[in-house]
Amino acid sequence: MGLWRSCGTFPLFCALLLTLQALRGKFGAQAGISSAADRRFYRIRWEKTEESLTNGREVFNWDKAESVGVNAKWGETLAALGDEAPKMHPNYPEMPGVQNRHVVKRSAEAAEGVSNYRTEYRRVGEDGKGSYPRQSEPHLDTSTFALSGDSAHNQAMVHWSGHNSSVILILTKLYDFNLGAVTESSLWRSNDYGSTYTKLNDKVGSRTVLSYLYVCPTNKQKIMMLSDPEVESAVLISSDEGASFEKYPISFNILSLLFHPAQENWILAYSHDSKLYSSMDFGKKWQLVHDNVMLGRFYWAAMGLDREADVVHIETRITKGRAQYVKCRAQRCTEANRQYLFPGYVDTNSLVVQDEYVFTQVTKSGRASYYVSYMREPFKRMQLPKYCLPKDMHIISTDEKQVFAAVQEWNQNHTYSLYISDSPGVYFTLSLENLRTTRGPTGNLLVDFYKVEGINGMYLANKLVDHHVKTFITYNKGQTWALLPAPATDVAGNNIHCVTPFCSLHLHLEMSENPYTSGPITSKKSVPGIIVATGNIGTELSSANLGMFITSDAGNSWRQIFDEEHNIWFLDNGGALLALLHAPTPIRHLWISLDEGKKWDRHTFSLAPLYVDGVLMESESDNHIITFFGHFSHRSEWQLMKIDYKGLFSRRCMDGDYQTWFLHNKGELCVMGEKQTYMKRRPGNRCMLAQDYSRIYSSEPCQCTTYDFECDYGWERRTDGKCSPAFWFNPNSVAKSCSMGQSFLNSTGWVIIVHVIQEELLTRAAGNWAEVTETEQKAELWYRKVLSNNCKESGRNVYSPRRQACHPRPPRGLRLTTGSSSGGGELSARVGSNVTFMVHLEEGDSLRTSIQLDFGDGIRITYSNLSRADDGIKHIYRATGIYRVTASAENSQGSDSCTLFLHITSPVERVYLSAPIVAVRGKETNLTALVWPSHIRTLTFFWWIANSSEPIITLEGSISYTFQKEGTNKVTVQVASGSTVMQDSRVLTVKEFFRSLLLSFSPALDEHNPDIPEWREDIGRVVQTTLSQVSGVPANQLLVSLYPGLPTTAELFILPDVLTPNEQNEMQTISDVFVNVLNQDLVQFELKANTRITVYITQQTLAPLVDSSALHSGSAMLVLISVVFVGLAAFFIYKFKRKIPWIHVETEDSQEKEPEVISTVSQNDMSKVKLSEFPSEKEFMEKELEARKRGTMGRNMERIVTREYPNCTNV
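Keep in mind that what you see is a predicted model, and the values were worked out from it rather than measured.

**Quick word on the overall build of the protein**
For the protein, the count of helices and strands is ten helices and 85 strands. Looking at the protein residue by residue over its 1211 residues, the buried ones come to 57%. Considering only contacts within the protein whose residues lie at least 6 apart along the sequence, 60% involve residues at least 24 apart. A total accessible area of about 51,000 Å² is found for the protein, and carbon and sulfur atoms account for 49% of it.

**What about helix H7 (residues 1064-1079)?**
Three- or four-residue spacings in an α-helix give side chains the same orientation, since the helix completes a turn every 3.6 residues. Its 16 residues give H7 an end-to-end C-alpha distance of 23 Å, which sits within 8% of 22 Å, the value for a rise of 1.5 Å per residue. Of the residues making up H7, those classed as buried are Met1067, Ile1070, Ser1071, Phe1074, Val1075, Val1077 and Leu1078. Trailing H7 by a residue or two, Asp1081 shows a phi angle of about 60 degrees, which is positive.

**Considering the pattern of salt bridges**
Considering all chains together, one arrives at 23 salt bridges under this definition. Across the pair Lys247 and Glu232 runs a salt bridge whose closest N-O atoms are separated by 3.1 Å. Taken together, the residues span a long stretch of sequence, with Lys247 in strand S15 (residues 246-249) and Glu232 in the loop between strand S13 (223-227) and strand S14 (234-238) at a distance of 15 residues. When its relative accessible area of 26% is taken as the criterion, Glu232 is described as partly exposed. Across the pair Asp572 and Arg681 runs a salt bridge, and its minimum N-O distance is 3.4 Å.

**Side note on the packing of aromatic side chains**
Counted according to the given criterion, the structure contains 34 aromatic pairs. Centre to centre, the rings of Phe404 and Phe449 are 6.0 Å apart; their planes meet at 35 degrees, and the pair counts as tilted. Here Phe404, found in strand S29 (residues 404-408), pairs with Phe449, found in strand S33 (residues 449-451); they are 45 residues apart in sequence, far enough to count as distant. The exposure class of Phe404 is buried, given its relative accessible area of 1%. Here Phe449 falls in the buried class, since its relative accessible area comes to 2%. Three or more aromatic residues joined by ring pairs form one cluster here, namely Tyr427, Tyr713, Trp715, Trp728 and Phe729. Of note, Lys222 hangs over the ring of Phe282, and the distance from its end group to the ring centre comes to 5.5 Å.

**Brief notes about the packing of helix H6 (residues 1013-1031) against H7**
H7 packs onto H6 with a crossing angle of 100 degrees between their chain directions and a minimal axis gap of 11 Å. Viewed along their axes, H6 and H7 adopt a mutual orientation that is roughly perpendicular. Across from Leu1027, Val1030 and Ser1031 in H6, the residues of H7 making contact are Val1073, Phe1074, Val1077 and Leu1078.

**Details of the state of the cysteines**
All chains considered together, the criterion is met by six disulfides. Disulfide pairing places Cys670 opposite Cys702 at an S-S distance of 2.1 Å. The sign of the -95 degrees torsion about the S-S bond sets the Cys670-Cys702 disulfide as left-handed. Taken together, the residues span a long stretch of sequence, with Cys670 in strand S51 (residues 670-671) and Cys702 in the loop between strand S54 (696-701) and strand S55 (709-711) at a distance of 32 residues. With relative accessibility at 4%, the residue Cys702 sits in the buried group.

**Considering the sheet that holds strand S75 (residues 952-954)**
Ordered by their spatial adjacency, five strands build an open sheet running S72-S78-S77-S74-S75, and the pairing between neighbours is mixed. The open sheet has two free edges, formed respectively by strand S72 (918-920) and S75, since each of these has just one partner strand. Going across the sheet, the axis of each strand differs from the next one's by a mean of 30 degrees, ignoring polarity. Where strand S74 (residues 940-945) and strand S77 (residues 967-977) come together, six bridges link them in antiparallel fashion. When the sheet's bridge partners are listed, Phe942 is paired in S77 with Gln974.

**Section: the confidence of the model for the protein**
Per-chain confidence: the protein averages 76 in pLDDT, with 72% of residues scoring 70 or above. Here residues 1101-1121 is modelled with pLDDT under 50, and outside its nearest four sequence neighbours on either side it reaches 21 contacts, counting other chains as well. Note on residues 1131-1178: pLDDT is under 50 here. Beyond four places in sequence and across chains, it has 63 contacts.

**Points about unusual backbone geometry**
Residues Thr500 and Pro501 are joined by a peptide bond in cis, for which omega reads 5 degrees. When you line up the elements, Pro501 lands in the loop between strand S36 (482-483) and strand S37 (504-507). Looking along the chain, the bond that leaves Leu1046 and enters Pro1047 is cis, with omega of -5 degrees. As for its placement among the helices and strands, Pro1047 is situated in the loop between strand S80 (1038-1042) and strand S81 (1049-1054). Of note, Tyr193 is a non-glycine position whose phi angle comes to about 60 degrees, a positive value. Along the chain, Tyr193 turns up in the loop between strand S10 (181-190) and strand S11 (198-199). We note that Glu596 has phi near 60 degrees; this positive angle belongs to a residue other than glycine. Here Glu596 lies in the loop between strand S44 (589-593) and strand S45 (601-604). Glu596 gets classed as buried once you look at its relative accessible area, which sits at 10%.

**Structural notes on the environment of His139**
For His139, the location among the structural elements is in the loop between helix H2 (108-112) and strand S7 (141-147). Residue His139 is classed as buried on the basis of its relative accessible area, which comes to 6%.

**Some words on the sheet that holds strand S27 (residues 380-381)**
The strands making up a sheet are joined through hydrogen bonds of the backbone, oriented either antiparallel or parallel. Reading across from one edge, S24-S25-S26-S27 is the order of the four strands in this open sheet, with antiparallel pairing throughout. The open sheet terminates on both sides in strands that have one partner only, identified here as strand S24 (352-354) and S27. Where strand S26 (residues 367-374) meets S27, two bridges bridge the pair, whose relative direction is antiparallel. Residue pairing for S27: Val372 is matched across the bridge by Lys380.

**What to know about the nonpolar core**
Counting 68 residues, the largest nonpolar core has Leu999, Ile1019, Leu1027, Leu1052, Phe1074, Leu1078 and Phe1085 as the members making the most contacts within it. Ranked by size, the runner-up nonpolar core spans 32 residues in total, among them Leu169, Leu187, Cys216 and Leu236.

**Side note on the environment of His159**
Residue position: His159 is located in strand S8 (residues 155-160). Residues His159 and Leu169 lie ten residues apart in sequence; the distance between their C-alpha atoms is 5.1 Å.

**With respect to the side chain of Thr1026**
Structurally, Thr1026 is set in helix H6. Overall, Thr1026 belongs to the buried group, its relative accessible area being 9%.

Here is what the cut-offs are and how they apply
Residues numbered from 1 in each chain as written. Predicted model: local features only at pLDDT ≥ 70, side-chain atom pairs only at ≥ 80, totals over all residues. Heavy atoms only, no water. Helix = DSSP H or I, 4+ residues; strand = E, 2+ residues; numbered from the N terminus. Buried < 20%, exposed > 50% of the residue type's maximum accessible area, 1.4 Å probe, protein only. Contact = heavy atoms within 4.5 Å. Areas by Shrake-Rupley, 256 points an atom, 1.4 Å probe, with all protein chains shown as cover. Expected span 1.5 Å × (residues − 1). Salt bridge = Lys/Arg side-chain N within 4 Å of Asp/Glu carboxyl O. Phe/Tyr/Trp six-rings, centres within 6.5 Å; stacked < 30°, edge-to-face > 60°. Lys NZ or Arg CZ within 6 Å of the ring centre and 35° of its normal. Axes fitted to C-alpha atoms, helices over the stretch in contact; angles between N-to-C directions. Parallel < 35°, antiparallel > 145°, perpendicular 65-115°, else oblique. Disulfide = S-S within 2.5 Å. Pairing = 2+ DSSP bridges. pLDDT = per-residue confidence, 0-100. Core = buried A, V, L, I, M, F, W, Y, C linked by side-chain atoms within 4.5 Å.

Listed below in structure tokens is the structure:
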């Protein structure tokens, strides 16, 4: 990818197309799902401002994006196009040769304006011995060529075909920043590795102004040039590496190109007006594919995954923020031939097609959900830990059929967490928290995460620890991370006193913005174990006191090689290192090392100092050619220096020139489940490496250990290395597909780290694997073989899932939703639309469980088993109304049911039901609905209580209801406003009497409180279990309800025993027991590893129905005063007809005709509810005051804000 970057003081020297390289270093993306999937790049223009003329600095102007060029091997880019700029970042292998790039001249005046650069570094070594050294001595052969007549040109694009081709193409241009266009251009070609160049302007047309140069990635002999659209819109095509060209006019302006990964003549072109075109003859003819295509969100078919090679995956914009995923063939993308593989709309700039995966994102009610399709199968929702609650996600890598994702959790602002998935990309576990991130010039996200080339499972990352950024390393694919050890001595040999964890080595992991420089960190697959990086020694990563560091043993030990920044490249297939000082001043020396940086020899490459703008080379070829390009001064021509470094070597390497070394992790030889021995050239030998010599000498599997496995979904790694289930996860759940006569593999919390996966053999569902009996033994054997990181199992494996028999189970956890399996959940639909109902069963034998669905309009349907309804149940409603849709599951062991209330043509927004968790039988209970955001229009509230067939309809958000029977009752409230409907539910326990205690928690719990109902329910369940274990009181006598907001508080309800329901004294005894254990800090639970929470008592509340006649006179006086105060308050409220949030008083207007509210739940029973049936304002006030005296008033919005704690209530 590319962007324009300033680098001088005058406009003449101000344009450089930079390539944001990938895989090594920061990965760039904007908000939403990001990718490293396709091979395209764009340019972003910049211009100088008056500020740049006064302070000597150029100012970026990211106001317009235009096309630059493409190469499938090394780049793609982002263009800043407002809110809908693409959110992609590069992620490609190290470039195999020199590719298309822009370069810029740097002026002497600009260099003089920089005062904080250090002088050129000098190291002990022999200089070059002149132009004619003896052949037995190490020497460089150099030649220089000047591009005469192009001194005014301020931009250049350079292409070297590579792969032992001798052709180099250079396009120089004069870009007028005032006009915003290219006004002159020259095309140069060399066929002798850059010794001489020929100007080709006559071959392309003397009046033709060329803007960009593209090279086919699968056939480097095919070249495409674009003419400047301000002059003419045309493409110039060459099939002989630029020796000849043919011109073809086009009717649109190209912004970017995407070449097919296998077919050399197939190209996708993106235009300035958001249209996508395709060509199947290398640009001679073009055909429109689709309009309204999102920039950077189009992809060619992946070979072996898509059935047809000409398939195109496209994201098309529908409205602002909404798009569709479209799949079609490039030359036949009519509406009839388009496939919409994702059901419904997706967020704009969210489609990513990368390797075996397709990712997308859907945001509803302010919360984003992420979906993945693996091997082009139907989409599934990506499962992160329950309380991760992601705000943003970026796909970093999909190597080895596993997804690395950077996720910003709900409580993170400037950092992200690293998550690693299973093979299908559905279930994710945490690897590293608080990764350092920054934003690039275009606003794209940059994550400090680096994959080390040549060593499987080895990564580097910069993590924020106590406000300090530190560099960490892992050898086991993120299972454990450690700080980098600092070198023992500096470059001068002085001892360095740096002891971890207080002091360590920190590295910059950014990608190189300039394609002609190496960047701050580099490694190479052909030389495993060698990493060269820019960094510093100390307590944290810094941009000051930088030096160059190298490791030859895969990060176990480091040496400092320079005390200034240098650009370093690998030469001779990785056997040699080239270093060039990174400075704004002209230079004429370079440094070369043949012994992994222990000794550096200085060589002179130019008699006169040169401003080096970039370096071109093909490091994995046999030609040993380097090309430097730059200029002697800001007014000179472009200078191209060809350097042949073959003279550094005396011969080719033989068997005796190599030695072996062992990969290890701080002395542990087993890395990723095997002992690996590598081969490398003996340091100092002046022999040339063979391009195909084997780097791995031997490999031997090791015995499996704890760190050869990663924790399964729902499990967390403790400090001792073992995995334990998270507090929200039930490890004993059984897959619903497990039927009688079968067995299943129940997770022990471990998943073996994926090394090489050849095929998918098992189906994974929330930590469970299930298969039929006849394949049981075979599947278990396959499991151990396929999901292995090459470690060897011995004896009984405690890490693998345990096989358990499937027992008869009643259906549990039946859920009913609308929409598809990958989305939906809508509670409203339009009349006549096809509504899809999805039935989900968490537990139970799905093959032997029948499902009945009652649509609520007199139609019902029955399935013999759940598998027959996997694709959803479709139904069309012909009339508006509110329909009670009921799903029932039944087998020989029991039954379960669930209800969904569907509004037709009535949309909904968010609602929160405030209700007590325990109610008193025969006494009124206050139920309050709080709505966000507040509505200007009148709201209608539908109250579904217990098993009522019709709702209670009100125009106010609060009602009082009397429960006549003891037991458990579910209350659901739906709020309708226009076309919007939203609901919330609570489960109430009705008893004759009870006791309650107010609880508080350790402050640490507040740090992990996302303040959502699901979290409060799970914590309440954990506290309930803990209290039962500590006290011995049965759990069914206890209920715990957490209040929203901070600090975290809760209320404990003590219910009477079912066997002795009238023993009030027994409840008092139990209450005293809890007061005792809570005061002694005996109630504790583990929230996560190394985080224990203590439960305290705040105060003891009154039991509402305990006889109060025995209360002391002081308490009676307080009650009397309270009644008088409430009465006065009620008088003023009634007098001035004002409302408070939890008391609703209606003004009387008996002169007008009472309006009617019509229930539309049933088409056959259209009963009417008049407002006269609602309580009057006086009756309502009396009920509210009576409820306050009993202490059963529900919590209200004001209390949620002020944190007042009422007696015996729940939220």
